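Commentary on secondary and tertiary structure
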Amino acid sequence: MRDSRTASRKIALCAMLMALAMIFSYVEVLIPINLGVPGIKLGIANLVVVVGLFFLPAGEVLMISVARILLMDYLFGNGMSILYSLAGGLLSFLVMFLLKHIKGFTGVSIAGGVTHNVAQICVAALVVQNRKLFYYLPALLVAGVITGMLIGILSDRILSAVKREGRKSSSR
């Protein structure tokens with residue numbers, strides 16, 4: 001009985017985080033950011049991935065990330081956007097997973113933001129067969145550092161608040 005309840009809780013948590021990541025992605029679609037360089041986004045859906053890496057098994061976080069990318073690109077993207085999103089999402093996940101034991105939230109998130117942009121620009125250059133796209137890379141790297149820092153700081157605050165609430169509810 002206990003195992004089925006634990007499995008049910010795990011499934012419910014993953015489903016809730018998946019829904020939250022999709023909501024964040026949708027909100028990001030509604031908030032266009034035009035800084036003169038195409039492709040710059042806040043990456044608020046990565047809050048779920050960054051926080052999840054620190055309290056869930058990596059496989060579950062990867063499943064949430066990939067499922068969100070596939071569903072959101074199916075709903076709001078086009079046939080090619082899935083390549084860019086998957087490349088960025090998978091590389092950034094791998095780098096963040098490898099760094100999570102070395103760095104805190106902010107360092108992990110910055111590394112994720114930067115590698116996400118690097119992967120996307122590499123895929124774009126391959127798809128359109130034009131190396132001149134790498135001229136965008138400096139602007140995308142700066143954007144990855146800034147947005148990664150913001151997401152990292154926010155992730156740290158979210159997990160701290162969740163831990164505080166957890167301690168409060170367990171002491172009742």
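Every value quoted in this text rests on a predicted model; they were computed, and no experiment measured them. (Residues numbered from 1 in each chain as written. Predicted model: local features only at pLDDT ≥ 70, side-chain atom pairs only at ≥ 80, totals over all residues. Heavy atoms only, no water.)

Overview of the layout of surface pockets
Selection criterion: A pocket here means an open set of points on a 1 Å grid, computed over the protein atoms alone, that has protein on both sides within 12 Å along at least five of seven lines. A cavity is instead a set of points where a 1.4 Å probe fits but cannot get out; residues with an atom within 4 Å of a point line either one. Grid points are joined across faces, edges and corners, and a volume is the space filled by probe spheres set on the points. Numbering of helices and strands starts at the N terminus; helices are DSSP runs of H or I of at least 4 residues and strands are runs of E of at least 2. Under the convention adopted here, Pro, Cys and the residues Ala, Val, Leu, Ile, Met, Phe, Trp and Tyr are nonpolar, Asp, Glu, Lys and Arg are charged, and Gly plus all remaining residues are polar.
Of the voids in this model, the second largest pocket is the one considered here, and its volume is about 210 Å³. Lining the second largest pocket are Leu13, Met16, Leu17, Leu20, Phe24, Leu47, Val48, Val51, Phe55, Ile158, Leu159 and Val162. Considering each element in turn, the lining of the second largest pocket owes the most residues, five residues, to helix 1 (residues 2-30). Of the residues contributing to the lining of the second largest pocket, the split by class is twelve nonpolar, no polar and no charged.

Describing the packing of helix 2 (residues 46-53) against helix 3 (residues 58-76)
Our working rule: Note on geometry: axes are lines fitted to C-alpha atoms, helical ones only across the stretch in contact, with angles between N-to-C directions running from 0 to 180 degrees. Reported orientations rely on four angle classes, namely roughly parallel under 35 degrees, roughly antiparallel over 145, roughly perpendicular from 65 to 115, and oblique for the rest. Whether two residues are in contact is decided by their heavy atoms, any of which lying within 4.5 Å being enough.
Where helix 2 contacts helix 3, the two axes come as close as 9 Å, and the packing angle between them is 170 degrees. Between helix 2 and helix 3, the crossing angle belongs to the class labelled roughly antiparallel. For the pair formed by helix 2 and helix 3, the contact residues are Asn46, Val48, Val49, Gly52 and Leu53 on the first element and Val61, Ile64, Ser65 and Arg68 on the second. Counted by class, the contact of helix 2 with helix 3 contains five nonpolar, three polar and one charged residues.

Points about a nonpolar patch on the surface
Defined as follows: For patch detection, residues must exceed 30% relative accessible area and be free of salt bridges, and they are connected within 9 Å for like charges or within 5 Å for nonpolar side chains (Val, Leu, Ile, Met, Phe, Trp, Tyr). Every accessible area reported is derived by Shrake-Rupley at a probe size of 1.4 Å, with residue values counting cover from the shown protein chains alone. By definition here, a salt bridge exists when the distance from a side-chain nitrogen of Lys or Arg to a carboxyl oxygen of Asp or Glu is within 4 Å.
Where nonpolar side chains cluster on the molecular surface, the patch consists of Ile23, Tyr26, Val27, Val29, Leu30, Ile31, Leu71, Tyr74, Leu75 and Phe76 and spans about 990 Å² of accessible area. For the nonpolar patch, the secondary structure elements donating two or more residues are helix 1 and helix 3. The biggest single contributor to the nonpolar patch is helix 1, with five residues.

Structural notes on the packing of aromatic side chains
What counts, and what does not: Any pair of Phe, Tyr and Trp rings, taking the six-membered ring for Trp, is counted once the centres come within 6.5 Å. Such a pair is stacked with planes under 30 degrees apart, edge-to-face with planes over 60 apart, and tilted for the rest. Working definition: with a 1.4 Å probe on protein chains only, accessible area under 20% of the residue-type maximum means buried, over 50% means exposed, and in between means partly exposed.
Per the counting criterion, the structure on display carries three aromatic pairs. Look at tyrosine 26 and phenylalanine 76: their rings are 5.1 Å apart centre to centre, the planes differ by 35 degrees, and that puts the pair in the tilted class. With a gap of 50 residues between them, tyrosine 26 in helix 1 and phenylalanine 76 in helix 3 connect regions that are remote in the sequence. A ring pair is formed by phenylalanine 54 and phenylalanine 105, whose centres lie 4.3 Å apart and whose planes are at 45 degrees; its orientation type is tilted. One end of the pair, phenylalanine 54, is in the loop between helix 2 and helix 3; the other, phenylalanine 105, is in helix 5 (residues 105-128), with 51 residues separating them in the sequence. A relative accessible area of 29% places phenylalanine 54 in the partly exposed class.

Worth remembering: the numbers are spatial, not functional.
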